[in-house]
Protein chains: 2
Amino acid sequence: MSETIKKPYHHSNLYQALLEAGVRLLEEKGVNGFSLREVAKRAGVSHAAPYRHFKNKSELLKALALYGFRKLTEGIQAVVEAAPEDPETQLVESAQAYVELVMVHPAIADLMFGDRSADMEFCDPEQAIAMNSFSGLANIIARGQQAGVFIEGETLELAITAWAQVHGFALLFRSSQKRERFGLETEPALKLQLRKSCEMLLTGIKRTE
Amino acid sequence: MSETIKKPYHHSNLYQALLEAGVRLLEEKGVNGFSLREVAKRAGVSHAAPYRHFKNKSELLKALALYGFRKLTEGIQAVVEAAPEDPETQLVESAQAYVELVMVHPAIADLMFGDRSADMEFCDPEQAIAMNSFSGLANIIARGQQAGVFIEGETLELAITAWAQVHGFALLFRSSQKRERFGLETEPALKLQLRKSCEMLLTGIKRTE
DNA sequence: ACCTGAACACCGTTCAAGT
DNA sequence: ACCTGAACACCGTTCAAGT
């Protein structure tokens, strides 16, 4: 009787344990090798236990995608604060942070931006979290315009353009196969090309007269 | 005896029938709802029959992805021929073709560019087919440089930048959810924003004092 | 309240066997 | 040569039952 040492069923916080096991499994096996049953096994519970905490597999993956969006937002926030008066540097360094996240957590990037993100119906507060990454970029553009560094015009249109550039670069070279094919297999080479691409976004690829 | 009318087992060309059933299933159910057993059922054969023609599920998906790459290459080729002397128009219209492919065949785009494309190990001739889409873009840049329309510098670096821009735009707005969120739910609105983004790529977003 | 174990309907893949 | 049917090891999900 009284307080026994014996654990009630398992460790105290299954929700968190599932998320952590999920991240690890994701990084080991990728999105396609990811199964709810394996996550449960790694967390030391039966395969039905996760359903106490997540409506289904998609909801667990959504939680992991949101983790990625938070990381990305933090990364962008950090580089903005590191160069508070320099929108150009903020833009280039945000791009580096974006690419780095995709390189370090490719499977989570797949969740954030891949085909499963179509299935994931974010509720409003979740949408907000996912959107904060874009807002970070849009704010850089907005402040850059106010400072007279970027051209005038609809901020949203500039931000979409910058975002597409960075997003496309990151996703194109997510696969090591493509990095090798373009001689960008080393991190410095990749970062240098990204820097050049950002520079071209800034100054254009069209010859001026 | 002699030639009977009775079909040997099924329709004559199972390989082609599997591809066609595959495209339809893909467009109905998306990449995640795609199963080899269902493709076989739709082609009217047993679930094991596809293994006579494809090593496994991935090989069928690879064949479908290659179909997408061929379509994209054709699309780019067509717009180049439609404006043979105008690299700028070629670039913008290629972008439109790229985006259109992703919008019209989202599930095939997922195969071409999504996380499954990491699993897909292209052999050399297949790589070449997949790469032709990029080569089309790179050639536009190269000819534009020769014509003095685009800035000088490494063609590959310019091409990567343009490609990233177009690719990022196409993938960002592949989901109707995001198109709606940015007021780009109609096709004209989306095309207009793409045109603007291409324009910014050409002339830059940095203010020239 | 929280978890288990059996059950169901689906997978991908393999293989002996049929024509 | 081409296809079938049974079999195996895996899924995601549900649900009555246990503590």
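Computed from a prediction, not measured in an experiment: that's the story for all the values here. (Residues numbered from 1 in each chain as written. Chains lettered and ligands numbered in written order. Predicted model: local features only at pLDDT ≥ 70, side-chain atom pairs only at ≥ 80, totals over all residues. Heavy atoms only, no water.)

### Section: the domain arrangement of chain A
Residues and elements named next belong to chain A. The domain architecture assigned to chain A consists of domain 1 (1-55) and domain 2 (61-205). The distance between the C-alpha centroids of domain 1 and domain 2 comes to 32 Å. Facing the ten residues of domain 1 at the interface are ten residues of domain 2. Taken together, the two surfaces of domain 1 and domain 2 that pack against each other cover about 790 Å², and 79% of this comes from carbon and sulfur. By the criterion of area lost to domain 2, the three top residues of domain 1 are Leu26, Glu27 and Val31, representing 57% of everything that side buries. Counting the contacts that link domain 1 with domain 2 gives two residue pairs in polar contact (both at pLDDT 80 or more). For the side of domain 1 that touches domain 2, a count of residues per class yields six nonpolar, three polar and one charged. (Domains from an automatic or database assignment. Contact = heavy atoms within 4.5 Å. Buried area = accessible area lost by both parts, 1.4 Å probe. Polar contact = N/O pair within 3.5 Å; in protein donor to acceptor, adjacent residues only side chain to side chain. Nonpolar A, V, L, I, M, F, W, Y, C, P; charged D, E, K, R; others polar.)

### Looking at helix 1 (residues 14-29) of chain A
Residues and elements named next belong to chain A. Between its terminal C-alpha atoms helix 1 stretches 21 Å, which fits the 22 Å expected from 16 residues at 1.5 Å a residue. Buried within helix 1 are the following residues: Leu14, Ala17, Leu18, Leu19, Ala21, Gly22, Val23, Leu25 and Leu26. Looking at the packing, one finds that the buried side of helix 1 touches helix 2 (36-43), helix 3 (57-82) and helix 5 (106-113). (Helix = DSSP H or I, 4+ residues; strand = E, 2+ residues; numbered from the N terminus. Expected span 1.5 Å × (residues − 1). Buried < 20%, exposed > 50% of the residue type's maximum accessible area, 1.4 Å probe, protein only.)

### A closer look at the side chain of His105 of chain B
Residues and elements named next belong to chain B. Mapped onto the fold, His105 is located in the loop between helix 4 (87-104) and helix 5 (106-113). Here His105 falls in the buried class, since its relative accessible area comes to 18%. Looking at His105, its side chain comes within polar contact range of the side chain of Glu27, at 2.5 Å.

### Re the environment of Ala159 of chain B
All names here are of chain B. By the element assignment, Ala159 lies in helix 8 (residues 155-172). The sequence separation of Ala159 and Leu137 amounts to 22 residues, and the corresponding C-alpha distance is 6.7 Å. In this view, Ala159 contacts Phe134, Ala138 and Ile141; residues no more than four positions away in its chain are not counted.

### Re the packing of helix 3 of chain A against helix 4 (residues 87-104) of chain A
All names here are of chain A. Put simply, helix 3 and helix 4 touch, their axes get as near as 9 Å, and they point 150° apart. Of the possible angle classes, the one that applies to helix 3 and helix 4 is roughly antiparallel. Relative to helix 4, helix 3 is oriented so that their crossing is right-handed. Together, Gly68, Lys71, Leu72, Gly75, Ile76, Val79 and Val80 of helix 3 and Gln90, Glu93, Ser94, Ala97, Tyr98 and Leu101 of helix 4 make up the contact between the two elements. (Axes fitted to C-alpha atoms, helices over the stretch in contact; angles between N-to-C directions. Parallel < 35°, antiparallel > 145°, perpendicular 65-115°, else oblique. Left-handed = near helix turned anticlockwise from the far one by under 90°.)

### Describing the packing of aromatic side chains
Here a ring pair, both rings aromatic, is described through the centre-centre distance and the interplanar angle of the planes. Under the definition given, this model contains 18 aromatic pairs over all chains. Ring plane angle 85° and centroid distance 5.8 Å describe the contact between Phe69 of chain B and Phe113 of chain B, whose orientation is recorded as edge-to-face. Separated by 44 residues along the polypeptide, Phe69 of chain B in helix 3 (residues 57-82) and Phe113 of chain B in helix 5 bring together distant segments of the chain. The exposure class assigned to Phe69 of chain B is buried, which follows from its relative accessible area of 7%. Its relative accessible area of 12% is what places Phe113 of chain B among the buried residues. Measuring from ring centre to ring centre gives 5.9 Å for Phe173 of chain B and Phe182 of chain B, while their planes differ by 80°; the resulting arrangement is edge-to-face. These aromatic residues form a ring-pair network of at least three members: Phe134 and Trp163 of chain A together with Phe169, Phe173 and Phe182 of chain B. (Phe/Tyr/Trp six-rings, centres within 6.5 Å; stacked < 30°, edge-to-face > 60°.)

### Some points on the pattern of salt bridges
Between side chains of opposite charge, a pair can form when the charged atoms approach closely. Enumeration over the complete set of coordinates arrives at 24 salt bridges over all chains. The shortest N-O distance in the salt bridge between Glu100 of chain A and Lys191 of chain A comes to 3.4 Å. Of this pair, Glu100 of chain A sits in helix 4 while Lys191 of chain A sits in helix 10 (residues 187-203); the two residues are 91 residues apart in sequence, bridging distant segments of the chain. Among the residues examined, Glu100 of chain A registers a relative accessible area of 39% and is labelled partly exposed. One salt bridge connects Asp110 of chain B with Arg174 of chain B, and the closest N-O pair in it is separated by 2.3 Å. One end of the pair, Asp110 of chain B, is in helix 5; the other, Arg174 of chain B, is in the loop between helix 8 and helix 9 (176-181), with 64 residues separating them in the sequence. Overlapping salt bridges bring together Asp115 and Arg116 of chain A together with Asp115 and Arg116 of chain B as one network. (Salt bridge = Lys/Arg side-chain N within 4 Å of Asp/Glu carboxyl O.)

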